[in-house]
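Structural overview for review
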Amino acid sequence: MRLSSSIKYCWIFITDRCQLDCDYCFFKTKTQTRTLSHGQIRQLFGLLKGSRKIEFVISGGEPLLRWDLVSFLIRDIGRRYPKSSVTLQSNMILMTPEKIRFLKQHRVLLEPGIDGLGKTTARHRKGTSLRMHRLVCASTRTAAKAGIPVFPTMTVHPQDTSAMTANFKFLASLNVDRIDVHPAFLAPWMPENATDFIEHYRRLAAFSHSAALKTKLCPCYSRPMAFGHDLVVMPDGHILPNWTFLAFPKKIRDRFFIMKLNDDHIACHASRYRSLLGRYRDLFRAKKVTYREFSNLNAALAMRLWKNRRATEGFRRYREICRAVKAIDTTLP
Ligand code: SF4
C-alpha cells in the first residue's frame, strides 16, 4: 500500500505524557505512559522514503519530557529530509537556554502553548500557575530574541472572546512572529459566543496588519492546500490521517487508524485507507480546500459516529466560525 503522494503535515506525537491537563487539549485519553520507540521511528522514516518536502510537527503530550527523543528526531529529519521544516509544539515548562540554542542551530520553528495573559492561560491550561506562566513567557521571549520563528496558537474558549484583543496584544509583546487565533475545537459554542468571536477576530485582523506591528495574525490555515492528508503518529505507533480524530473517544478513533508502526514492520488497514482517500478525493475535486476545511470534514465523519447532540451543535457553530475566519483571512495580505 502506497501513501498518498501529498502529505501536508507529519505530526509525531512522541509521548502521551504531559504535566498539564488543558480543558481544550485535543489529544484525549492520554495514558501518561506511552512513548514512541526508536524501532517505530525507523519504520516511519522507511514509510516516508522518497518524500521530499514535508512539514514535520513534533508534539505530545509534552515532547520536552523526552528531550533525548526530540533531539534525535530533529537531527535525523534534518539529515534525511533537508528540504523539510520541523515545528516543535511545547508547553515550554522545561525549555532551557541550551535547548533554545539547539533549536536555533537546527532551524526548528517553535509553537509555544500560551493563550495570552496569565489569567486566561491558567484558567484553561490546568496546572499552570501564574509563576509558571511568567517562566513560560520568559522562555518564549528568549526564543524569539534568539531568532527562532515563534508561532503560538492562541486558543479561544467561548467564555473568553471578549479578552481576545488583550490576549493577542500580550502575546505580541513577547515579540513572536505570527499568532494563529483559533476557536477551541469541540467547545460548547453558543450563538452569542460565535458572533462575538467573529467580531473580535475581524478587529484583530485589521489591528495586526497595521504597518507598525511586527506580530501578524496568521492566515495559514485558510489557504488552499494540495490534495493529500496528514500522517498523525501516536505514541503507540498508530497512524491517523488527520489530527481531529485524536479528539474523539477511543472507540470512535479506532475506526480511523490507517496504519500501525511496529518495531520491525508496518501494518496497513488498506481498505479503510482506500475508502478515506476516496472521500478526500471527492472533497478536493469539488472545491479548493483549506487545511481547516479538510480537518472539519474529518471531524464531521467522526461526529456522525459519535452522536453526541451537545457536541454536534457546538461543532456546527465551530464550523460557522471557521467559515467566517476564512472570509476574513482572505482579505489579509
Ligand atoms: S500542554 Fe498540550 S498536550 Fe498537555 S494537556 Fe495541554 S494541550 Fe494537551
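My aim in this report is to walk through the structure given alongside it, one point at a time. Throughout this description, residue numbers start from 1 for each chain and increase along the sequence as written. In keeping with the model being predicted, local features are shown solely for residues with a pLDDT of at least 70 and side-chain atom pairs are shown and tallied solely at 80 or more, while totals for entire chains, interfaces and linings include all residues. The basis for the side-chain values is all heavy atoms of the structure; hydrogens and waters are excluded.

1. A closer look at the site of the ligand
In the neighbourhood of the ligand, the contacting residues comprise Cys18, Leu20, Asp21, Cys22, Cys25, Lys30, Gly61, Asn91 and Arg125. With respect to the detected pockets, the ligand is housed in the largest cavity. Throughout this entry, Asp, Glu, Lys and Arg are counted as charged residues, while Ala, Val, Leu, Ile, Met, Phe, Trp, Tyr, Cys and Pro are counted as nonpolar. The remaining residues, Gly among them, count as polar. Here the shell around the ligand is built from residues that sort into four nonpolar, two polar and three charged. If even one non-hydrogen atom of a residue comes within 4 Å of a molecule or strand, that residue is called near it. Both site types are read off a 1 Å grid over the protein atoms alone. A 1.4 Å probe that fits but cannot get out defines a cavity, while an open set with protein on both sides within 12 Å along at least five of seven lines defines a pocket; lining residues have an atom within 4 Å of a point. By definition, a pocket or cavity contains a molecule when more than half of the molecule's atoms lie within 2 Å of the pocket's grid points.

2. What about the state of the cysteines?
Sulfur atoms of two cysteines make up a disulfide when they are within 2.5 Å. Taken as a whole, this structure holds zero disulfides when the rule is applied. Of the cysteine sulfurs around cysteine 10, a residue in no disulfide, the closest is that of cysteine 268, at 15 Å. Here cysteine 322 stays free of any disulfide, with the sulfur of cysteine 218 as its closest cysteine sulfur at 14 Å.

3. A look at the nonpolar core
In plain words, nonpolar cores are sets of buried Ala, Val, Leu, Ile, Met, Phe, Trp, Tyr and Cys residues tied together by side-chain atoms within 4.5 Å. Exposure is judged per residue with a 1.4 Å probe applied to protein chains only, and the accessible area is read against the type maximum: over 50% gives exposed, under 20% gives buried, and values in between give partly exposed. Within the largest apolar cluster, 108 residues are counted, with the highest numbers of intra-cluster contacts made by Val181 and Leu231. By definition, any uninterrupted DSSP run of H or I lasting at least four residues is a helix, any uninterrupted run of E lasting at least two residues is a strand, and each is numbered from the N terminus. Among the elements that make up this core, the one with the highest residue count is helix α10 (residues 291-306) (eight residues). Each residue touching leucine 231, except ones within four places of it in the same chain, is listed here: Leu3, Ile7, Tyr9, Cys10, Trp11, Leu44, Leu47, Leu48, Ile239, Leu240 and Ile258. Any two residues whose heavy atoms approach within 4.5 Å are treated as being in contact.

4. With respect to the side chain of threonine 215
Relative to the elements of secondary structure, threonine 215 occurs in the loop between α7 (191-208) and β9 (216-217). Here threonine 215 falls in the buried class, since its relative accessible area comes to 2%. Engagement of the side chain of threonine 215 in a polar contact is seen with the backbone oxygen of valine 176, the distance being 2.7 Å. The residues touching threonine 215, leaving out its near neighbours within four places in the chain, are Phe168, Ala172, Val176, Asp177, Arg178, Ile179 and Ser208. By the criterion applied in these results, polar contacts are pairs of N or O atoms within 3.5 Å in which, for protein atoms, one can donate a hydrogen and the other can accept it, and in which residues neighboring in sequence qualify only through two side-chain atoms.

5. Structural notes on the layout of surface pockets
Grid points are joined across faces, edges and corners, and a volume is the space filled by probe spheres set on the points. Space inside the largest pocket adds up to approximately 470 Å³. Every residue lining the largest pocket is counted, 23 residues in all, and those nearest its centre are Tyr9, Glu55, Arg178, Cys220 and Tyr221. Elements supplying a minimum of two residues to the lining of the largest pocket: β1 (7-13), β3 (55-59), β4 (85-90), β5 (109-112) and β8 (178-183). Tallied by class, the residues present in the lining of the largest pocket amount to 13 nonpolar, four polar and six charged. Computed from the structure, the second largest pocket encloses a volume of approximately 340 Å³. What lines the second largest pocket is a set of 16 residues, among which Ser4, Ser5, Lys49, Gly50 and Ser51 lie closest to the centre. Along the lines of polarity and charge, the residues of the lining of the second largest pocket split into six nonpolar, six polar and four charged.

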